[in-house]
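# What the coordinates show
Spelled out from the first residue to the last, the chains are:
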Amino acid sequence: MSHNHSLLIIIAIISCFFIYFFIPEDNKDSISSLEGVTLTAINGQQFRLAGQFTEKPLLLVFWSTTCGSCIEEIPFISKLHESLKDKITIIGIHQNMPNSPIKKIQKFVKKYKPAIPYMIAIDSQDTLSKTYKITILPRTMLIDRNGKVVYDHLGYSPDQEKEVTDAINAASIKL
């Protein structure tokens, strides 16, 4: 083996060492805690996610007023809220989109009948959206008190409601 090859192998080994020990893991399944995640409530007030909701797991429902499936899913999430409100906290997280200012979201929520019983908030800093790589809506995630995803469902279809309900019930029993 030539001197150049030996040198390249040594550089590769040292590089692997530095990458392994000094570059943090991309932990896509959790936010080490929900501390530091700030959301904007539909009334415009900001709140820290962790400080408000530590006693129960969170069911985060990512949605948008411009997403037909998301709007179709609202009655189902409302039923989930009514049946599981003692076990989990449900928050509808409206995606922070440039064409959806808070006034437009407030108007939608106010006009929606029957009234949405669970909390609606906006991820104005896109912290949750980036952490959980939310690109397709609707998306429903059950998150334990440590920020770990224990159930993740993409999309909505009325024929999947029982499957989703059963999965959320099973996951929340374990928490």
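Coordinates for the structure precede this section.
The sections below set out a description of the structure shown in this document. (Residues numbered from 1 in each chain as written. Predicted model: local features only at pLDDT ≥ 70, side-chain atom pairs only at ≥ 80, totals over all residues. Heavy atoms only, no water.)

## A few points about the state of the cysteines
So the rule is basically this: The criterion for a disulfide is a pair of cysteine sulfur atoms lying within 2.5 Å. Relative accessibility decides the category of a residue: with a 1.4 Å probe and only protein chains considered, values under 20% of the type maximum give buried, values over 50% give exposed, and everything between is partly exposed.
Counted according to the given criterion, the structure contains 1 disulfide. Residue Cys67 pairs covalently with Cys70 via a disulfide, S to S 2.4 Å. Across the S-S bond linking Cys67 and Cys70, the dihedral sits near 80°, which makes this disulfide right-handed. Each member of the pair Cys67 and Cys70 is classed as buried.

## Describing the nonpolar core
Put simply, the rule is: For our purposes a nonpolar core is just a set of buried Ala, Val, Leu, Ile, Met, Phe, Trp, Tyr and Cys residues, chained together by side-chain atoms within 4.5 Å. In this description, contact between two residues means that some pair of their heavy atoms is separated by no more than 4.5 Å.
In terms of nonpolar packing, the biggest core is built from 44 residues, with Phe62, Leu128 and Ile168 touching the most fellow members. The contact partners of Phe62, leaving out residues within four places of it in the chain, are Cys70, Ile93, Gln95, Leu128, Ser129, Tyr132, Ile134, Leu137, Pro138, Arg139 and Met141.

## A word on the sheet that holds strand β2 (residues 46–48)
The cut-off we apply is this: A pair of strands is labelled paired if DSSP reports no fewer than 2 bridges between them. Labels follow the DSSP assignment, with helices taken as runs of H or I lasting at least four residues and strands as runs of E lasting at least two, numbered in each case from the N terminus. In this analysis, axes come from line fits to C-alpha atoms, helices being fitted only over the stretch in contact, and the angle between any two N-to-C directions falls in the range 0 to 180 degrees.
Spatially, the 7 strands line up as an open sheet ordered β2-β1-β5-β4-β3-β6-β7, and their pairing is mixed. Two strands bound the open sheet, and with one partner strand each, they are β2 and β7 (149–154). Going across the sheet, the axis of each strand differs from the next one's by a mean of 30°, ignoring polarity. In terms of strand pairing, strand β6 (residues 139–143) meets β7 through 5 bridges, oriented antiparallel. Bridging across to β7, Ile143 finds its partner in Val149.

## Things to note about unusual backbone geometry
In this structure, the amide linkage connecting Lys113 to the following residue, Pro114, adopts the cis form with an omega of -5°. Tracing the backbone through its elements, the reader meets Pro114 in the loop between α4 (102–111) and β5 (119–122). Here Leu137 and Pro138 are connected by a cis peptide whose omega angle stands at -10°. By the secondary structure assignment, Pro138 is in the loop between α5 (127–131) and β6.

## Quick notes on the side chain of Glu73
How we decide: The charged-residue count follows a simple rule in which Lys and Arg add positive charge and Asp and Glu add negative charge, with His and chain termini not counted at all. When a carboxyl oxygen of Asp or Glu is within 4 Å of a side-chain nitrogen of Lys or Arg, the pair counts as a salt bridge.
Residue position: Glu73 is located in helix α3 (residues 68–84). Buried charge without a partner: Glu73 forms no salt bridge, and the closest opposite charge is Arg139, 11 Å away. The contacts of Glu73, once residues within four sequence positions are left out, are Val61, Pro138, Thr140, Gly155 and Tyr156.

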